[in-house]
Amino acid sequence: MRNPIGMIRRSQQLRSQLKSPRERLPGGSRRWIRTSMDWFISEFGRDVLLRPIALPVDLIPHGYDGSLAAATELCGRVDNRMDLRPGQCALSFELNGVRRPVGGLHGGGRPVGGLVVKEQSGRWIRGNGSNQIQLAPALMADPVALIAIYAHEVGHELLLGSGRITLARRPDHEPLTDLITVFYGLGIFTANAAYERRPRPNGRGKQPLARGYLRETALAEALAHYAKLRGERHPEWSRHLDPPVRRGLNNQLSILHR
């Protein structure tokens, strides 16, 4: 007979792992976020940091219908927000997302709390003429996730495509690419899309889906540092965050302003 208390604890442990950074951040999350944001300011300018943060109502048009045309237009709004030139990256929605079990293993490799799904929803590709961004077509139905994933891929263009970083010199390039979405004011989308529970294909309960590299815990800390740099002690925009991230943001702001 299964131990229900043990199952609950394993499930809680799994959720904690999925909400923590996917990769270890050099020097610890607080120091890494601070130094990385300072580097962004030196590279892209403080005026980017001080722009009004993007709210869902600012980017997602009323009546968004999930069509290819609507999704393409939405990505264009992200381009404008992140200073990407028109046509700088070719865009397609032809990426077949790979679904596989990842993480959440206990002891000898047994999944904890059921299947954990990792999807490849976006890809940045260096090309001969122009670089490319490929997105999974399923993203068109979820504008928040679409903005988060597309902004991450645009981040690759800004960092790798421009030659500002190289994979060899910045092994933390994937978390850094999540963080640049916060710097460009798109952190609400990245945070709200970082973790969700989807219905299982068999209809029995839900399975966790974790996106990105910083995830909820580090994104709450990154948003708090972002707010502090902007001089915001009680940012009004925090009400647009999912409750777990909003609580984490408030806790981190309390720590930063002690």
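1. Here's the deal with the packing of aromatic side chains
Here a ring pair, both rings aromatic, is described through the centre-centre distance and the interplanar angle of the planes. One pass over the structure, following the stated rule, counts seven aromatic pairs. Pairing Phe40 with Phe183 gives two aromatic rings, centres 5.4 Å apart and planes at 45°, and the pair type is tilted. Taken together, the positions of Phe40 in helix α2 (residues 29–44) and Phe183 in helix α7 (residues 173–183) put the pair 143 residues apart, joining distant regions of the chain. On the basis of relative accessibility, which here comes to 0%, the residue Phe40 falls in the buried class. Note on Phe183 and Tyr184: the rings are 5.6 Å apart at their centroids and 80° apart in plane angle, and the pair reads as edge-to-face. Residue classification places Phe183 among the buried positions, given a relative accessible area of 0%.

2. Here's the deal with the packing of helix α6 (residues 143–161) against α7
At a minimum axis distance of 8 Å, the contact between α6 and α7 shows a crossing angle of 110°. One way to sum up the angle between α6 and α7 is to call them roughly perpendicular. Of the residues in α7, those touching α6 at Ala151, His152, Gly155, His156, Leu158 and Leu159 are His173, Glu174, Leu176, Thr177, Asp178, Ile180 and Thr181. Here the contact of α6 with α7 is composed, by residue class, of five nonpolar, six polar and two charged.

3. Looking at helix α10 (residues 243–256)
With 14 residues, α10 should reach 20 Å at 1.5 Å per residue; the first-to-last C-alpha distance of 20 Å fits that figure. Of all the residues in α10, the buried ones are Val245, Gly248, Leu249, Gln252 and Leu253. Viewed along the axis of α10, the buried residues span an arc of 135°, placing them on a single side of the element. In α10, the exposed positions angled more than 90 degrees off the buried face are occupied by Arg247 and Asn251. Looking at the buried residues of α10, the elements they touch are α2, α8 (187–192) and α9 (215–229).

Thresholds, definitions, all that
Residues numbered from 1 in each chain as written. Predicted model: local features only at pLDDT ≥ 70, side-chain atom pairs only at ≥ 80, totals over all residues. Heavy atoms only, no water. Phe/Tyr/Trp six-rings, centres within 6.5 Å; stacked < 30°, edge-to-face > 60°. Helix = DSSP H or I, 4+ residues; strand = E, 2+ residues; numbered from the N terminus. Buried < 20%, exposed > 50% of the residue type's maximum accessible area, 1.4 Å probe, protein only. Axes fitted to C-alpha atoms, helices over the stretch in contact; angles between N-to-C directions. Parallel < 35°, antiparallel > 145°, perpendicular 65-115°, else oblique. Contact = heavy atoms within 4.5 Å. Nonpolar A, V, L, I, M, F, W, Y, C, P; charged D, E, K, R; others polar. Expected span 1.5 Å × (residues − 1). Arc of directions from axis to C-beta.

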